[in-house]
Each structure stands twice: as C-alpha cells, then as structure tokens.
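Residues per chain are reported as follows:
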Amino acid sequence: METNSIIELINSHRSIRKFSDEQLTSIQVETIVEAGRWAPTSHHVQAYSIIVVKDKEKKEKLAKLAGNQTYVETCPVFFVICADYYRLKQASDKHQQTFEVGEQEQVIVGAVDAALVAQNMLLAARSFGLGGVMIGGIRNDSEAVSTLLELPEFTFPVMGLCLGYPAQNPDQKPRLPHEAVVHYEQYDQTKIDEAITEYDLLMKQYYHERTQGKRSETWSEQMAAFLSTPKRPQVGSFIKKQGFLK
Ligand SMILES: Cc1cc2nc3c(=O)[nH]c(=O)nc-3n(C[C@H](O)[C@H](O)[C@H](O)COP(=O)(O)O)c2cc1C
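Quick notes on the rules
Residues numbered from 1 in each chain as written. Predicted model: local features only at pLDDT ≥ 70, side-chain atom pairs only at ≥ 80, totals over all residues. Heavy atoms only, no water. Helix = DSSP H or I, 4+ residues; strand = E, 2+ residues; numbered from the N terminus. Core = buried A, V, L, I, M, F, W, Y, C linked by side-chain atoms within 4.5 Å. Buried < 20%, exposed > 50% of the residue type's maximum accessible area, 1.4 Å probe, protein only. Contact = heavy atoms within 4.5 Å. Domains from an automatic or database assignment. Patch = residues over 30% accessible without salt bridge, like charges linked within 9 Å, V, L, I, M, F, W, Y side chains within 5 Å. Areas by Shrake-Rupley, 256 points an atom, 1.4 Å probe, with all protein chains shown as cover. Salt bridge = Lys/Arg side-chain N within 4 Å of Asp/Glu carboxyl O. Lys, Arg positive; Asp, Glu negative; His and termini not counted. Charge placed at Lys NZ, Arg CZ, Asp CG, Glu CD. Near = heavy atom within 4 Å. Polar contact = N/O pair within 3.5 Å; in protein donor to acceptor, adjacent residues only side chain to side chain.

Caption draft 1: Quick look at the environment of H44. Looking at where H44 falls in the secondary structure, it is placed in the loop between helix 2 (26–37) and strand 1 (48–53). Separated by 189 residues in sequence, H44 and P233 place their C-alpha atoms 30 Å apart.

Caption draft 2: View of the nonpolar core. Of all hydrophobic cores here, the largest spans 35 residues; its most connected members are I32, F79, I81, M121, F156 and F244. Among the elements of the structure, helix 2, strand 1, strand 2 (77–84), helix 6 (104–127), strand 4 (155–164) and helix 11 (234–241) are those that each provide at least two residues to this core. Sequence-distant contacts of I81, that is, excluding residues within four places in its chain, are made with S49, A114, V117, A118, M121, P157, V158, M159 and L161. Of all hydrophobic cores here, the second largest spans 20 residues; its members include I16, C75, C82 and I138.

Caption draft 3: Fine view of the domain arrangement of the protein. According to the domain assignment, the protein consists of domain 1 (5–170) and domain 2 (178–224). On a C-alpha basis, the centroid separation for the pair domain 1 and domain 2 is 29 Å.

Caption draft 4: Representation of a negative patch on the surface. On the surface, a cluster of negative charge is made up of E179, D193, E194 and E198. Ranked by residues supplied to the negative patch, first place goes to helix 9 (residues 192–210) with three residues. Mapped onto the elements, E198 comes out in helix 9. When its relative accessible area of 46% is taken as the criterion, E198 is described as partly exposed.

Caption draft 5: Structural view of a nonpolar patch on the surface. Together, I108, V112 and L116 make up an exposed nonpolar region whose accessible area comes to about 230 Å². As for its position among the elements, V112 is in helix 6. Looking at V112, the relative accessible area reads 39%, which means it is partly exposed.

Caption draft 6: The arrangement of the site of the ligand in detail. In the vicinity of the ligand, 13 residues are found, and the nearest of them are H13, S15, Q69, G136 and K173. The side chain of S15 places a nitrogen or oxygen atom 2.6 Å from an oxygen atom of the ligand. G137 is positioned such that a nitrogen or oxygen atom in its backbone is 3.1 Å from an oxygen atom of the ligand. Considering the ligand on its own, with 620 Å² of exposed area, one finds that the protein chains cover 68% of that surface. Here the shell around the ligand gets three residues from one element, more than from any other, and that element is strand 3 (residues 131–135).

Structure, rendered in structure tokens:
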C-alpha cells in the first residue's frame with residue numbers, strides 16, 4: 001500500500017470524546033466550515049446547512065437531547081449538520097416551478113450531502129491537531145433540536161459534530177476485515193461468515209483491553225442487540241412534518 005500525509009490522516013481516525021479547555025480560534029472554525037463547503041454534492045443541490053454552536057447553554061441543551069452525551073456540552077464547538085432543501089424551495093418559487101421533495105430520494109440526497117460535509121470538516125479539523133466525534137444522538141429528538149436551532153421547513157438535522165483539542169488518546173477501533181466489506185466485480189457472500197467470526201475475536205479482545213475486562217462482547221453480539229429494536233421511529237414522522245415524503 002502507498003502512503004502520504006493525507007492517507008495517514010484518514011487512516012489514523014479515532015473518535016475523540018474528551019477535550020481540553022483550549023478553544024478553537026474563529027479562523028480555525030471558519031477554515032473547517034470552508035472545508036465542509038467544498039464537499040462534493042449530488043446534482044450540485046448543496047442540500048445541507050451547518051449550524052455552529054458555541055453557546056454553553058445551547059450545547060448543554062443539545063447534550064441532553066442527544067441522550068446526555070456530555071461531550072456535546074464539553075467540546076468547544078459543536079456543529080449540527082442538517083439536510084436542507086429550504087433554499088431549494090426558494091429557488092423553485094423564484095421560477096414558479098413545482099417543488100418535488102416527496103420521494104425517499106431527496107431524503108437520501110440531503111443526508112448524503114450532510115455526511116460528506118461532516119467528514120470533510122472532521123478531516124480538516126484533524127489536520128490542525130483537533131479531534132472530534134460525530135453525533136447521531138441529535139436525532140433522538142429531531143423536533144426539539146430543530147426547535148432549539150430554529151430550523152425552517154424542508155430541513156432536518158442529520159448529525160452533530162463535536163470538535164476540540166483531544167484530552168484522550170484512545171486506541172483505534174478495529175474495522176471489519178477487508179473481505180467482509182470489499183468485493184471485486186460482484187458481491188461475494190462466501191467469505192462473510194468467516195470474516196465476522198475473525199472480527200468477533202478481534203473486537204472481543206479490543207473491548208477487553210480497552211475496558212480492563214469489564215466489556216468483552218463480540219461485534220456480532222453488539223450488532224444483534226442494537227438491531228433487535230426499532231431505532232428512532234420518530235425521525236420518519238419528523239421528516240414528513242418538515243415537508244418531505246409527502
Ligand atoms: C453518523 C454518525 C453518528 C454517530 N453518533 C454518535 C453518537 O451519537 N455518540 C457517540 O459517542 N458516537 C457516535 N458516533 C461515533 C461512532 O460510534 C464511531 O465512529 C464508531 O464507533 C467507530 O469508532 P471510531 O470513530 O473511534 O473509529 C457516530 C458516528 C457517525 C458516523
């Protein structure tokens with residue numbers, strides 16, 4: 001495999017959830033946001049918005065709404081990245097066109113655009129020695145988050161992003177083996193079971209070491225439990241309320 005400084009930055013990813021008190025400069029924040037703005041975007045719709053949150057009280061509220069994830073409050077800057085068709089509605093109105101956002105497709109486009117923006121931002125931040133973690137927990141109560149941030153119709157929060165200077169140095173979390181996730185020319189189902197078994201052992205060891213023996217579940221156990229109940233069923237109805245999927 002080849003390497004260079006960008007590959008090294010990408011491949012050394014770890015989520016950071018503990019931050020020092022050191023603040024980001026406003027130039028850093030603007031540089032990170034600018035890197036987000038340069039993400040590729042489906043059909044050039046640019047169907048996202050970034051809300052920059054530094055206000056302590058607001059972060060505190062968002063931390064609670066995200067399921068008491070304290071790092072949302074303790075990070076110096078929290079970003080909420082939204083899917084956003086509000087501007088696109090204005091563009092449609094400007095030209096007296098009908099505005100069709102009734103399909104799943106527009107929801108996917110907005111969520112993908114937001115995710116690409118968020119990952120660009122995280123990488124840009126890491127290039128300054130910052131660290132962070134994305135926060136899907138803000139979809140625990142999409143409606144309350146949207147009210148707090150005054151999100152208009154045709155928008156919905158997709159993810160949060162905590163950024164700051166790392167005050168922890170966690171090991172990298174192992175990824176699924178190459179054979180489980182990469183296929184050449186066509187999907188190959190034959191190696192998946194074996195790859196999961198191999199990965200289960202690796203993750204069991206990883207959790208055991210990371211938690212001094214308190215946790216030792218396998219990845220497949222963890223996923224089976226995670227997927228055994230519905231997840232955030234209110235997201236769908238909120239997205240509809242915002243004008244999509246109608
Ligand atoms: C869209 C998205 C949402 C996430 N939401 C949360 C979250 O709410 N809370 C959290 O602690 N981590 C969250 N994470 C971080 C993942 O748990 C983490 O990326 C994963 O466990 C792999 O660990 P790593 O990033 O350290 O490699 C999220 C990651 C993504 C991509």
